[in-house]
Amino acid sequence: MYDVAAPAVETVAVDVLKEVLSHQRRLRDGGCAGEVCPRCVRHHLEAVRRAMASGRRIEFVLPAFPTKSPNPAKVLGPLPDLAEELALRFLDGLCERIARIYPPGAVILICSDGRVFNDLLGVGDENVTGYVRALDRMITRIGATRLEQFTLDEVHPGAGHEDMRAMLSAGHAPTLEELREEVRGGGAPLAMYRGITRFMLEDLSTPDYTGTRSALQRRCRQLAYRVIQRSRAWGNLLDELFPDAVRLSIHPQPCATDKIGILLADTPDAWLTPWHGVAVASGGRFTLMKRADAERAGATLAYVGGRPSFYALEPAGTGGSAPAAAHREPLEGAACA
Ligand SMILES: [Zn+2]
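Just so you know, these numbers come straight off a predicted model, no measurement behind them.

Caption draft 1: Summary view of helix 9 (residues 187–204). The end-to-end C-alpha distance of helix 9 is 26 Å, a good match for the 26 Å that 18 residues give at a rise of 1.5 Å each. Check the buried side of helix 9 and you find it contacts helix 4 (114–121), helix 8 (176–184) and helix 10 (213–241).

Caption draft 2: How the structure looks around unusual backbone geometry. With a phi close to 60°, D29 is a non-glycine residue in the positive phi region. On the neighbour-count criterion, D29 (10 C-beta atoms within 10 Å) is exposed. In this structure, F65 is a non-glycine residue whose phi angle is positive, near 50°. With respect to the helices, strands and loops of the structure, F65 is situated in the loop between strand 1 (58–62) and helix 3 (82–101). C-beta crowding within 10 Å serves as the criterion here: with 27 such atoms nearby, F65 is assigned to the buried category.

Caption draft 3: Expanded view of helix 5 (residues 125–141). Across its 17 residues, helix 5 extends 24 Å between first and last C-alpha, which sits within 8% of the 24 Å expected from 1.5 Å per residue. Those residues of helix 5 that fall on the buried side of the exposure criterion are V128, Y131, V132, L135, M138 and I139. On an axial view of helix 5, the arc spanned by its buried residues comes to 125°, and they lie on one face. Across from the buried face of helix 5, at angles greater than 90 degrees, the exposed residues are E126, R137, T140 and R141.

Caption draft 4: Spatial organisation of the sheet that holds strand 2 (residues 106–110). If you walk across this open sheet you meet the 5 strands as 3-2-1-4-5, and the pairing is parallel. Looking at strand neighbours, the two that pair on one side only are strand 3 (147–149) and strand 5 (259–261), the edges of this open sheet. Across the sheet, the mean angle from the axis of one strand to that of its neighbour is 30°, orientation sign disregarded. Pairing of strand 4 (residues 246–249) with strand 5, which is carried by 3 bridges, proceeds in the parallel orientation. Considered in strand 5, the bridge of R247 is made with K259. In this fold helix 3 packs onto strand 1, strand 2 and strand 3, with an angle of close to 155° to the strand it touches most, strand 2.

The rules we used
Residues numbered from 1 in each chain as written. Predicted model: local features only at pLDDT ≥ 70, side-chain atom pairs only at ≥ 80, totals over all residues. Helix = DSSP H or I, 4+ residues; strand = E, 2+ residues; numbered from the N terminus. Expected span 1.5 Å × (residues − 1). Contact = placed C-beta atoms within 7 Å. Buried ≥ 20, exposed ≤ 12 C-beta atoms within 10 Å, placed from the backbone. Arc of directions from axis to C-beta. Pairing = 2+ DSSP bridges. Axes fitted to C-alpha atoms, helices over the stretch in contact; angles between N-to-C directions.

Here's what the structure looks like:
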């Protein structure tokens with residue numbers, strides 16, 4: 001068992017949190033201050049210190065990587081691609097850096113929440129299954145030994161997917177009225193509601209949608225509450241199942257609250273995630289864009305292992321494709337278009 005001398009525990013725990021919080025995704029006007037927010041460090045210190053006192057790995061729980069957006073204007077298809085791979089490498093690298101500070105290291109439990117609300121997005125259960133399995137294969141292939149997946153399927157083995165969702169909601173969801181009350185109060189809940197509504201609107205504005213824009217907006221506002229309701233139920237269940245874990249979130253969070261908002265990739269849009277976009281190689285680095293935006297900017301599609309994987313955008317005047325040196329490894333052997 002790794003034994004940190006008592007006076008050193010505090011220092012090491014602070015260093016671990018500084019590493020995590022250097023990638024913090026903050027809510028605008030959420031109260032965080034400085035490059036690494038000292039109030040957030042203090043708030044999460046006890047959970048990290050507890051893990052260290054027992055000499056075990058620090059466990060992070062991250063509800064994320066649900067399923068690809070159903071809108072082909074945003075993504076390349078239903079399966080994970082280089083956008084997910086870059087995010088997984090980033091998260092595994094974060095745990096590796098933590099292990100240099102605290103040798104027992106850390107693990108991020110990716111609690112894929114696709115099964116929790118895919119029906120509300122109009123995404124089939126078979127797509128969720130395919131996405132989760134492909135993500136597992138990707139984690140193995142890239143050697144991300146500090147990442148693990150956990151899904152609703154494992155909570156109710158053998159149950160039907162509809163039944164799983166019903167059991168989750170029955171035991172752990174707040175009522176819609178409670179959520180509406182929270183959103184009416186403004187702040188972080190309102191920002192979350194607006195963000196989810198925007199995503200629903202984008203995801204459901206598929207080429208085969210024939211109704212009016214205002215009807216779709218109405219529907220998305222209702223669906224957003226139900227998505228938040230199910231997400232909240234999933235979060236509550238995860239809190240019960242992993243009481244000692246540090247909670248991460250892909251959404252920006254206010255200062256010193258239960259969850260640490262964390263970035264997954266290098267993107268100028270604080271809301272864009274790998275499953276809502278495509279990876280675009282440009283100027284020696286990768287960023288995330290919506291597929292239609294990448295194509296409008298003149299990016300060309302690149303294939304890995306015979307499958308569409310990312311886009312390459314050549315900066316004006318360079319005349320040559322130059323994927324980022326830092327990410328050259330995953331592209332080796334790729335037949336780039
Ligand atoms: Zn803070």
